[in-house]
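For reference, the chains in residue letters:
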Amino acid sequence: MLSIERNPKNRVYLELLVLCFDVCDEFHLVVRNNMGSIRGLEEIINKLKVSLIEMRCESTWASTTLGDNQTANVYYFHADENAKKITKSIYQGGMPSLPEDLSFFKQGKVWLATSSHEKQ
């Protein structure tokens, strides 16, 4: 396992995103119900709709396990060209706090996991 110790930003972050999309076939974004509303979330999801695999209400995902019977909406997407373009526009300056926990998968296995609220 490789741990990135410094938060990649700007060009480095975009290059990391491009690498993830080149290597992986799926990714997820997480929206926790207790984190408040996310301005523009509906627009983001609509733009990604053609790449959407499914949305599941889960308490565990690539980087987090919630306690106290909490759940979050975990959106799974194909790592295709449409999703790459939209995701790069959302994350152009670095990882935003919401939607959180952008993580990538290759053949069903976690390839890169982030924990936004923990800044990891």
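Here, every reference points to the structure presented above.
Residues numbered from 1 in each chain as written. Predicted model: local features only at pLDDT ≥ 70, side-chain atom pairs only at ≥ 80, totals over all residues. Heavy atoms only, no water.

Quick word on empty space enclosed by the protein
Using the criterion set out here, one finds one cavity of 30 Å³ or more in the structure. Lining the largest cavity, in full, are Tyr-13, Leu-16, Leu-17, Cys-20, Leu-102, Phe-104, Leu-112 and Thr-114. If you list the elements that add at least two residues to the lining of the largest cavity, you get helix H1 (10-23) and strand E6 (100-106). If you tally residues by element for the lining of the largest cavity, the top one is H1, at four residues. In the lining of the largest cavity, the residues fall into seven nonpolar, one polar and no charged. (1 Å grid on protein atoms, 1.4 Å probe; cavity = no way out; pocket = protein on both sides within 12 Å on 5 of 7 lines; lining within 4 Å. Points joined across faces, edges and corners; volume = space filled by probe spheres on them. Helix = DSSP H or I, 4+ residues; strand = E, 2+ residues; numbered from the N terminus. Nonpolar A, V, L, I, M, F, W, Y, C, P; charged D, E, K, R; others polar.)

A few points about the sheet that holds strand E7 (residues 109-112)
On the basis of which strands lie adjacent, the open sheet formed by five strands has the order E2-E5-E1-E6-E7 and antiparallel pairing. Single-partner strands in this sheet number two, and they are strand E2 (52-58) and E7. Between one strand and the next, the sheet's axes are offset by a mean angle of 30°, whatever the strand orientation. Lying on the sheet, H1 is in contact with strand E1 (26-32), E6 and E7; it crosses E6 at an angle near 40°. (Pairing = 2+ DSSP bridges. Axes fitted to C-alpha atoms, helices over the stretch in contact; angles between N-to-C directions. Contact = heavy atoms within 4.5 Å.)

Digging into the nonpolar core
The biggest cluster of nonpolar side chains holds 22 residues, and the ones touching the most others in it are Phe-27, Leu-29, Leu-48, Phe-77, Leu-102 and Phe-104. Secondary structure elements with two or more residues in this core: H1, E1, helix H2 (41-48), strand E5 (72-78), helix H3 (81-90) and E6. No other element matches the five residues that H1 contributes to this core. Apart from residues lying up to four places away in sequence, Phe-104 is in contact with Leu-17, Cys-20, Phe-21, Cys-24, Glu-26, Phe-27, Lys-109, Val-110, Trp-111 and Leu-112. Ranked by size, the runner-up nonpolar core spans six residues in total, among them Val-30, Trp-61, Leu-66 and Tyr-76. (Core = buried A, V, L, I, M, F, W, Y, C linked by side-chain atoms within 4.5 Å. Buried < 20%, exposed > 50% of the residue type's maximum accessible area, 1.4 Å probe, protein only.)

Re the packing of aromatic side chains
Summed over all chains, the structure comprises six aromatic pairs. For the pair Phe-21 and Phe-27, a centre-to-centre distance of 5.3 Å together with 70° between the ring planes defines the contact as edge-to-face. A relative accessible area of 5% means that Phe-21 is categorised as buried. Ring centres 5.1 Å apart and planes at 80° place the aromatic pair Phe-21 and Phe-104 in the edge-to-face group. (Phe/Tyr/Trp six-rings, centres within 6.5 Å; stacked < 30°, edge-to-face > 60°.)

Points about the pairing of E6
In terms of burial, E6 is largely enclosed, as six of its seven residues are buried. Looking at chain direction, E1 and E6 are connected through four bridges and run antiparallel. Pairing of Val-30 across the sheet is with Glu-100, part of E6. By the bridge criterion, three bridges tie E6 to E7 in an arrangement that is antiparallel. Bridging across to E7, Phe-105 finds its partner in Val-110.

Points about unusual backbone geometry
Notably, Asp-68 is not glycine yet its phi reads approximately 55°, a positive angle. Relative to the assigned elements, Asp-68 resides in the loop between strand E4 (64-65) and E5. Exposure remark for Asp-68: the relative accessible area of 73% places this residue in the exposed category. One non-glycine residue, Asn-69, adopts positive backbone phi at about 55°. Tracing the backbone shows Asn-69 in the loop between E4 and E5.

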